[in-house]
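So the chains spell out like this:
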Amino acid sequence: MTADRAKRKRGILPLLLIWGKIKFRPLWRTFKRPHVQKWLLLIFASLSIAAFLSPTLEMAPPTYTVGDVAIKDVRAERDLLVEDKRATGKKRENAARRVLPVYDYDPSVLQDIEGVTHSAFSLMRRYKAGEEEKEEENIKGEVEEILGFHLTSREYQTFKGHRFNGKVLESVVDLIAPLMKRGVVSNKELLLQEEGIVVRNVKTGEEVIRRDLHSLLDYQEAKKVIQKTLGGPQGKDVSADLRGVILKVASNLIFPNLTFNRQETNRRREEAHNREKPVLFQVKRGEILVEKGERVTEEDLLKLGALREGWRKTNTLVMILGLVFLTWLFVTAFYLFSTKNIRKVSPANKDILFFVLVLISSLGMARISVSVAEALADAFPQFPLSSYYYFFPVAAGAMLIRIVLNSEVALIYSLFASLLSGLLLREGIFFPIFYLIGSIVGAHSVGRCDQRFTLIKGGLLVGLTNLVLIVIQGMITAKIFEVKTLFDLLMGLAGGAAAGVIVVGLAPIVESIFGYTTDIKLLELANLDQPVLKEMLMKAPGTYHHSMIVGNLVEAGAKTINVNPLLARVSAYYHDVGKVKKPQYFIENQRAGDNRHDKLIPSMSSLILASHVKDGIELAKKHKLGGKIIDIIRQHHGTRIINYFYQKAKEQENPGVQEVDERDFRYLGPKPQTKEAGLVMLADAVEASSHTLENPTPARIQGLVQKIINNIFIDGQLDECELTLKDLNEIAKSCNIILNAVHHHRIEYPEAQPEGGRQKNGGVGPKSPKARKGKAGRGKANGRKDIRRLGVSRKRAEHPSGR
């Protein structure tokens, strides 16, 4: 049994492993998709923002009892309304006490008494008439049962002696009716403790408030009134024996017609108790509830209890989920609008991750800074808490985003960070505006960062902007001349300077971790002592010289079309770095008469020339030149055709055997995606073609430049970048100026004469035209010989440029 079970187990485990791989492999593949990762980053950003904004991050207030000594200051994190439970209880008790007791008035009691007396006397009168013959005791018993009390034989005989006269009945009713109308209660002492009562008719529901409580009667007082009435003028016509019987009957028939309704009274008092609002007193946000070293009082306990109750109520799952959904909608709406409507906002996943990390770091720093500011406010109570908020370097994130990505993304970040930081501080509308303007100014100030000190100057400019905003706020609130405003100004200036210092420190770290190419990195790459440039100078001097001239061309063109001239120039330095691997296959590095392409078929030559793009990308990654330069290396030829070898292949084509495919002679691309990449493509082609001019006059240079730019434009190589026709015209003008300076004519210096030699014309005056012509011809010939000695081919234009 054990062996069989072990075999089955060994057979099941591989099946479970295979099932697990099949089950979870699609899930991991899903996570590897770029668009899924993008949305996961947005969800992560939403959760992080919700966590920072959630009040549940606040620490729970400490627990004290009356008389304890506070170990630290406790400050209200928000505005509080604290209930004074003692005052509230007293107020509610008074409200309940003011409710008058409810007494039910039953008008049918008098009618019932009249009915009982009528029934009893009618019965006795019928027996008297002899309608039925019964014994006297039976008649007496029935009467007693109707009346509800016992009659002695004497009392019964007294009624019988007066023949059960109706006047006797009327005397009984007349005695009881006035008393019942006044009201008879069972306990008048309890009644007199109240200021009044509510008399509610149980038949009609009508209510009447009676405050003449002394006019009401209890049972004993009613008997005394009856006895007094019978002893007065009203009873003088009644015989003594009948007077006693009437007194007994009236006294026994009288019954309270006002009864205390305890249930209704309690209900009304409870409603009044609950209807009263609690007694509250306000505690403002930032107010110190308990000071360190002070003994805790009952009032302090009330405040701490309200603070703890508010903290406990906010720590709910529903609130957190609601905040997460709100922030997710906020982030998603911003992302979709920006990517769909702002052309320069097309972030890769790396860019989104960087944006989210900077934003979360900024919020985290703001959260920590709030705690530090509260501690400083406790230590230096002469300065308010809000003054320290001017120091928060929110603009540092916008400056960092600007130098790494672009101005559009920096603007979006500024909106995000300023709004969320303002919500975090909960200090009104001014601080979000304060942070927003400072962030925009900071991002703009580092738009062209050609040295690290530019970041410090940008921080100082943010500080000056903060000063202006604080002064404006002081003018609005009429507090500009207070001591607090001076401290605010110091904090604002220090906050701007701190933002610049933070960016200076973080920029190299961001470049290293994320592989971004900032202007500061470009300045380092522009140094001609870079190892890769030195290697190009030694192995491919022609390419090096070509790259330097292209760098000058693109820098001048970038300034005219208002793009980053530093990025354009540095990209031009490295755009042909891949030629270092096979320098002798490119015409600018070849010596006269040494062309390796003569031994290769055109398609192979085309592959070798096109491979310099791939080799350049590999070298750029190896030397960590950055993504922007790598993109320009990849795009600087676009999908242009290598025309020289394509035409050569067409000449060697055998239509019946093999046809030449134009796609085999095109670069792999992609086409330029940015203005800088398009500018490098144009300058590269213009500079290479300028060497084909025999006599580079300004007119010829201008015609060549226009022709090259037109051909590239017609070929559709500029379709995917943002260069306009106006930009192309400005680029052509700048290229003409630079190339004319490069190919300018020099004067011919006279040759040295033999010592003591003289010219035929005596050594004075100008040479004859014939002599000058001969001299010029000899100079040109000698120049060609000198060029050959330097290893440069005269027929450069007849060979492939490789560009």
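Here is what the cut-offs are and how they apply
- Residues numbered from 1 in each chain as written.
- Predicted model: local features only at pLDDT ≥ 70, side-chain atom pairs only at ≥ 80, totals over all residues.
- Heavy atoms only, no water.
- Helix = DSSP H or I, 4+ residues; strand = E, 2+ residues; numbered from the N terminus.
- Contact = heavy atoms within 4.5 Å.
- Areas by Shrake-Rupley, 256 points an atom, 1.4 Å probe, with all protein chains shown as cover.
- Expected span 1.5 Å × (residues − 1).
- Axes fitted to C-alpha atoms, helices over the stretch in contact; angles between N-to-C directions.
- Parallel < 35°, antiparallel > 145°, perpendicular 65-115°, else oblique.
- Left-handed = near helix turned anticlockwise from the far one by under 90°.
- Nonpolar A, V, L, I, M, F, W, Y, C, P; charged D, E, K, R; others polar.
- Salt bridge = Lys/Arg side-chain N within 4 Å of Asp/Glu carboxyl O.
- Buried < 20%, exposed > 50% of the residue type's maximum accessible area, 1.4 Å probe, protein only.
- Bend = angle between axes of the 7 residues up to and from the residue.

(A) Main features of the overall build of the protein chain. On a plain count of helices and strands, the protein chain comes out with 31 helices and eight strands. The contacts of the protein chain with a sequence gap of at least 6 include a subset with a gap of at least 24, amounting to 79%. Accessible surface for the protein chain amounts to roughly 45100 Å². Of this, 57% is attributable to carbon and sulfur atoms.

(B) Highlighting helix α23 (residues 541-561). In this model α23 runs 30 Å from its N-terminal to its C-terminal C-alpha over 21 residues, within 8% of the 30 Å that 1.5 Å per residue would give. Count one or two residues on from α23 and you reach Asn562, which has phi positive near 65°.

(C) Spatial organisation of the packing of α23 against helix α28 (residues 675-690). At a minimum axis separation of 9 Å, α23 and α28 run at an interaxial angle of 130°. Classified by the angle between their axes, α23 and α28 sit oblique to one another. Taken as a pair, α23 and α28 cross one another with a handedness that is right-handed. Contact residues: α23 offers His546, Ile549, Val550, Leu553, Val554, Gly557, Ala558 and Ile561, while α28 offers Lys675, Leu679, Val680, Ala683, Asp684, Glu687 and Ala688. Among the residues forming the contact of α23 with α28, the class breakdown is 10 nonpolar, two polar and three charged.

(D) Structural detail: the pattern of salt bridges. Going through the model one piece at a time under the given rule, you end up with 20 salt bridges. Residue Arg268 pairs with Glu264 through a salt bridge whose shortest N-O separation is 2.8 Å. Here Glu264 and Arg268 lie together in helix α11 (residues 262-275), a separation of four residues that amounts to about one turn. Each member of the pair Arg268 and Glu264 is classed as buried. Lys539 is paired through a salt bridge with Glu535; the nearest N and O atoms lie 3.0 Å apart. Here Glu535 and Lys539 lie together in helix α22 (residues 531-539), a separation of four residues that amounts to about one turn.

(E) Layout of unusual backbone geometry. The residue after Gly669, namely Pro670, is reached through a cis peptide bond having omega 10°. You can see Pro670 is positioned in the loop between α27 (643-651) and α28. Even without a glycine there, the phi angle at Asn562 is positive, about 65°. Among the secondary structure elements, Asn562 is positioned in the loop between α23 and α24 (565-574). Judged by its relative accessible area of 66%, Asn562 falls in the exposed class. Here the phi dihedral of Lys624 falls at roughly 55°; this positive angle occurs in a residue that is not glycine. Counting through the fold element by element, Lys624 comes out in the loop between α25 (602-622) and α26 (627-635). Owing to a relative accessible area of 65%, Lys624 belongs among the exposed residues under this scheme.

(F) A look at α25. Taking 1.5 Å per residue as the helical rise, α25 with its 21 residues ought to reach 30 Å, and the 31 Å between its terminal C-alpha atoms agrees with that figure. A maximum bend of about 30° is found in α25 at Ser611. Inspection of α25 places Pro602, Ser605, Ser606, Ile608, Leu609, His612, Val613, Asp615, Gly616, Ile617, Leu619 and Ala620 among the buried residues, and these make up the whole buried set. On its buried face, α25 is in contact with α26 and α27. Looking one or two residues beyond α25, the residue adopting positive phi is Lys624, at roughly 55°.

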